[in-house]
Amino acid sequence: MTETAAPASISVEQFRAQARAWLEANLERRTDALKRTRGLVHRTVEDIAEQRALQALVHRGGYAGITWPVEYGGRGLTRAHELAYLDEAKDFITPDLGIAGVVTLAVIAQTALRHASEDFKQRHLGPILAGEELWAEFLSDPSAGSDLAGVTTTAVREGDHWVLNGSKVWSSGAYYADFGLCLARTDWDVPKHKGLTWFAVGTALPGVTVEPLTEITGDAEFCREEFHDVVIADSERIGGVGEGWAVAQSVLQYEREASSGGLTSVLTLTGPGPLAPDLVEMARRTGRTGDPHTRQLIATSHTGDFAVRALGARLARLMLAGHPAGPAIISYSKLAVGLMEPERAKKAMHVGGAAALAWEPGDRDALTFSLGYLNSRVTAIAGGTNEIQRNALGERVLGLPREPSFDRGKTFRQVQDAGQNWAGDS
Amino acid sequence: MADDASRAAGRWIEPDRRPITDPVLGFFDESGWSLTEVRALAEAGAVLDRPRWSELGASGHFLPAGGEQSLARSAVVAEEFGRALGQGPFVESVVVQLALSQLGSESHRTKVGPDIVAGRQLATWAASSIPGYWGSGSDVQAESSPAGFVLNGSLPMVLDAGAVDWILMSARDGAGVSQFLIPTGQPGLRLDRLDSLDITRAFYTVTLTNVEVPVTSLVGARAVGTDGVARQVRTALVLATAMTTGSMGHIFDVALQYAKDRTAFGRPIGSFQAIKHLLVDASLKLETSRAMCDAAAQAVDEETPDADEIVSMAKAYVADAGVDVAHAVWQSLGGISYMWENDFHLFLRRITTDAALFGTAQWHNERICELHSLAAQPTGEQS
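Residues numbered from 1 in each chain as written. Chains lettered and ligands numbered in written order. Predicted model: local features only at pLDDT ≥ 70, side-chain atom pairs only at ≥ 80, totals over all residues. Heavy atoms only, no water.

(A) Representation of the overall build of chain A within the structure. Looking only at helices and strands, one finds 13 helices and eight strands in chain A. Its C-alpha atoms give chain A a radius of gyration of 23 Å, near enough to 22 Å, the size a compact globule of 426 residues would have. The principal-axis extent of the C-alpha atoms belonging to chain A is close to 70 × 65 × 50 Å. Split into buried and exposed, the 426 residues of chain A put 50% on the buried side. Partitioning the intrachain contacts of chain A with sequence separation of at least 6 by distance along the chain shows that 74% fall at a separation of at least 24. In the form shown here, chain A has an accessible surface area of approximately 19,200 Å², with 55% of it arising from carbon and sulfur atoms. Within chain A, one finds 43 positive and 53 negative side-chain charges whose respective centroids are separated by 7 Å. (Helix = DSSP H or I, 4+ residues; strand = E, 2+ residues; numbered from the N terminus. Rg over C-alpha atoms; globule rule 2.2 N^0.38 Å. Buried < 20%, exposed > 50% of the residue type's maximum accessible area, 1.4 Å probe, protein only. Contact = heavy atoms within 4.5 Å. Areas by Shrake-Rupley, 256 points an atom, 1.4 Å probe, with all protein chains shown as cover. Lys, Arg positive; Asp, Glu negative; His and termini not counted. Charge placed at Lys NZ, Arg CZ, Asp CG, Glu CD.)

(B) Representation of the domain arrangement of chain A within the structure. All names here are of chain A. What the domain assignment lists for chain A is domain 1 (17-133), domain 2 (137-242) and domain 3 (260-397). A separation of 25 Å is found between the C-alpha centroids of domain 1 and domain 2. Counting from both sides, the interface comprises 23 residues of domain 1 and, opposite them, 18 residues of domain 2. Taking both sides of the interface into account, the surface hidden between domain 1 and domain 2 amounts to around 1,600 Å²; carbon and sulfur atoms contribute 63%. If you sort the residues of domain 1 by the area they bury against domain 2, His42, Ile99 and Phe120 come out on top, with a joint share of 27%. On the surface where domain 1 and domain 2 come into contact, there are two salt bridges. A salt bridge links Arg52 to Asp178; the nearest nitrogen and oxygen atoms lie 3.0 Å apart. Where domain 1 touches domain 2, the interface holds nine residue pairs in polar contact (both at pLDDT 80 or more). Counting only elements with at least two residues in the side of domain 1 that touches domain 2, the list comes to α2 (45-61), α4 (98-115) and α5 (118-129). (Domains from an automatic or database assignment. Buried area = accessible area lost by both parts, 1.4 Å probe. Salt bridge = Lys/Arg side-chain N within 4 Å of Asp/Glu carboxyl O. Polar contact = N/O pair within 3.5 Å; in protein donor to acceptor, adjacent residues only side chain to side chain.)

(C) Expanded view of the interface of chain A and chain B. In this assembly, 50 residues from chain A lie in contact with 47 residues from chain B. Both faces combined, the contact of chain A with chain B buries some 4,000 Å², and carbon together with sulfur accounts for 63% of it. In this structure, the connection of chain A to chain B is made through nine salt bridges. Arg317 of chain A is the partner of Asp294 of chain B in a salt bridge, and the nearest nitrogen-oxygen pair spans 3.1 Å. The tally of links from chain A across to chain B stands at 19 residue pairs in polar contact (both at pLDDT 80 or more). At the level of elements, α7 (277-285), α8 (292-320), α9 (331-352) and α12 (386-397) of chain A are the ones that each hand at least two residues to the side of chain A that touches chain B. For the side of chain A that touches chain B, the leading source of residues is α8 of chain A, giving 14 residues. Its residues assigned to classes, the side of chain A that touches chain B comprises 24 nonpolar, 15 polar and eleven charged. (Nonpolar A, V, L, I, M, F, W, Y, C, P; charged D, E, K, R; others polar.)

(D) Highlighting the pattern of salt bridges. Residues and elements named next belong to chain A. In total, this model carries 58 salt bridges over all chains according to the counting rule given. Here Lys192 and Asp147 are joined by a salt bridge, their closest N and O atoms 2.6 Å apart. In this pair, Lys192 is assigned in the loop between β4 (179-185) and β5 (196-202) and Asp147 in the loop between β1 (135-138) and β2 (154-158), connecting sequence segments 45 residues apart. Arg237 is the partner of Asp234 in a salt bridge, and the nearest nitrogen-oxygen pair spans 2.8 Å. When its relative accessible area of 15% is taken as the criterion, Asp234 is described as buried.

(E) Region of the structure containing the nonpolar core. Ranked by size, the top nonpolar core spans 86 residues in total, and within it Phe62, Phe90, Val91, Trp125 and Phe358 of chain B carry the most contacts. Core analysis: the next-biggest nonpolar cluster, separate from the first, contains 47 residues, Leu393 of chain A together with Leu35, Leu256 and Ala328 of chain B among them. (Core = buried A, V, L, I, M, F, W, Y, C linked by side-chain atoms within 4.5 Å.)

(F) Focus on the packing of aromatic side chains. All names here are of chain B. Tallied over the entire structure, the rule returns 29 aromatic pairs over all chains. Ring centres of Trp134 and Trp363 lie 6.0 Å apart, and the angle between their planes is 45 degrees; this geometry places the pair in the tilted category. Linking Trp134 in the loop between β1 (123-125) and β2 (141-145) with Trp363 in helix α12 (residues 361-371), this pair joins segments that are 229 residues apart in sequence. Here Trp134 and Trp363 have matching classes, each one buried. (Phe/Tyr/Trp six-rings, centres within 6.5 Å; stacked < 30°, edge-to-face > 60°.)

(G) Spatial organisation of the environment of Leu315 of chain A. Residue and element names in this part refer to chain A. Among the structural elements, Leu315 can be located in helix α8. Between the alpha carbons of Leu315 and Pro401 there is a distance of 23 Å; along the sequence they are 86 residues apart. Those residues within four positions of Leu315 in sequence are excluded, and the remaining contacts are Ile329, Tyr332 and Ser333.

(H) Here's a closer look at the packing of helix α5 (residues 71-83) of chain B against helix α9 (residues 273-301) of chain B. All names here are of chain B. Two elements in contact, α5 and α9, have axes separated by 8 Å at closest approach and are oriented at 145 degrees. Remark: the crossing between α5 and α9 carries right-handed chirality. Between α5 and α9, the contacting residues are Leu71, Ala72, Ala75, Glu79 and Arg83 on the first element and Arg290, Ala297, Val300 and Asp301 on the second. (Axes fitted to C-alpha atoms, helices over the stretch in contact; angles between N-to-C directions. Left-handed = near helix turned anticlockwise from the far one by under 90°.)

(I) Layout of a nonpolar patch on the surface. A cluster of nonpolar side chains, Ile216, Tyr373 and Leu374 of chain A, forms an exposed patch at the surface whose accessible area comes to about 300 Å². Inspection of the secondary structure assignment puts Ile216 of chain A in the loop between β6 (208-212) and β7 (222-233). (Patch = residues over 30% accessible without salt bridge, like charges linked within 9 Å, V, L, I, M, F, W, Y side chains within 5 Å.)

(J) Layout of the domain arrangement of chain B. Residues and elements named next belong to chain B. The assigned domain composition of chain B is domain 1 (2-117), domain 2 (123-227) and domain 3 (229-371). Each of domain 2 and domain 3 has a C-alpha centre, and the two are 29 Å apart. Residue-level contacts link 19 residues of domain 2 with 21 residues of domain 3. Taking both partners together, domain 2 and domain 3 bury about 1,700 Å²; carbon and sulfur atoms supply 67% of that area. A per-residue breakdown of the area domain 2 buries against domain 3 is headed by Trp134, Leu197 and Arg201, which together make up 35% of the total.

(K) Structural detail: the confidence of the model for chain B. When pLDDT is averaged across chain B, the result is 92; 95% of the residues are at 70 or more. Considering only residues more than four positions removed or in separate chains, one finds that residues 1-6 of chain B, a stretch of pLDDT under 50, has ten contacts. (pLDDT = per-residue confidence, 0-100.)

Written out as structure tokens, the structure reads:
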């Protein structure tokens, strides 16, 4: 699989030295400074093709899947080796496969490694590392978002294949993905958490349509899919039939870890850095750097940015130290960002005043600033809303009792009927 | 005491902190330091219990001798002190000890300092006397005299000044700002007890009227300046912040347990999302406060160039978070929080006072901007 045959015993420092030499010889140095505020992220076909080629190059060099098992195309090395590579690679232009790239490596591949059949892993993991397979999550239905186990997209078994019908939404990057990891209902006549199963759905299969949705920013990053009698081989199933909820827990866990920046990478807390650069720049534009209220907004935003990272470092340390609630505490990071970003964005609009509301055509900085405002509730809603995180933290970390649930002891069909004919809890 | 039997029970403490927390908790348990005692002292006027404080000093767990101990370690102790709602000039004593060991004369280092560490002598620190800090506006003037210096001025809210032997304070003369250690019995020094929101602590206004002090009372060089006391300021901020997080931690745990035990409408109130989410948000602020304390202590210990900034960030964050957490607890306890006999109000009073001591969040926010040299632009200048 790889050009560089790595002896299993290669030391981190040897590996680092090899990586440095390889990076110098093969990749370009990064020159642009990373901007904090999210801009438009819609990707072109040509751009993604270039990035896939770059991923293939990195894979051939032996620097994709550093910690993955050798039998699936990885290097079988430790996290320390991977961190050494990432540290060396940070000044180089590495493959950017966008949100689907992140999802593929951090969520899909990890879920497959844990739950998929040997045959499935052999078929998909190598191409994933080589940039040949990009994946999206086909998770929420239009009618089931936070209530994920309430999906109604249905797969019916017919011999050695399944027939899929339904619809998915909010699937980031699906418009350039090759597969979607799809949560489907395979039994309506058992309790709702018991009738779920996961499938790999090729986006090019007959009966699949993927349509980017135009967002409030004007961007088109997430998609809606329609499935019309899509035929899927049983070998593309991940996990047991009816065992989809357990797999879903892994998917959500990997998703949370990915969105919190990964455990080990946040352990070392770096300093606060420059004072909230986007806000200071805007305050300079509007001549408000001396305004006491503006200064308070700038300082509290800056402190909030640092506090989120300090919290991440603490949570990572607590997990490694054996916190009794385990990985569930990572939800604190998600909730912290989900609460902080909207507050920060509101402060930013105060700092900007009129300059953040109207600008000369072509003023990209002002546009980026306003997009930051529109994007500020992404984390509060996507990947498990603030409310879902609060339930998880309240119940799994603080040990608070669950709300009464009205879907226990009923089949999913009965749950759907009860919801549509709701008359209180009587 | 019933409230002490469970001091460490039900708490998960990071394994690497246990060598620090276990002896401190053991000391509180064995010597009977308890909320019952804090309450009894508060109701009796909160005058510092000298024998109790001496016992704490003599235990060796609290005051670092010679300022050798890492601030991270002292911060863990401070958190436990705040959790126990400890009474007495803990932060101030550490700062005095640090000042004497770092800057003090031979006599300061070999006599007064060790006496303070051992609890034989008591000292407090008039933090508000450092010009330019905390926004206190206080300014004690020093004048050279044949015998040394003559001090005049007034200092607000000096903790336990009426019960200690020494006060460390800053004063300004033509040459700059100097630091003095003054015995509380010095003629011309007046100590007026204040009534206060926090009834677990005793604050005093210290008034100096032609107080004559010898040159040997200088701690550090004459005109040591505010930079010379920077380490004291950082230490005080980290410890005060850690103390607040300890107090927050205790009342949060009380509210959490109450939410599990108290039933209404046929179910534990903690099963209602309205209460559950309120407590989760409070616990997020508590965890973030702890993270900020850790970061601040580490930055000071490692003397990073941004230590002053991180310390101010931690103080500003915890000042607001502390009050927010106290109010979330207040709301979730409901009516019982208004009973004098419920300890909640003692913590509410403490945490709200902590928020402003050593500088409010707003003061530290402004300091953060100044540390980044964020200057006002001349009128009309817009780029």
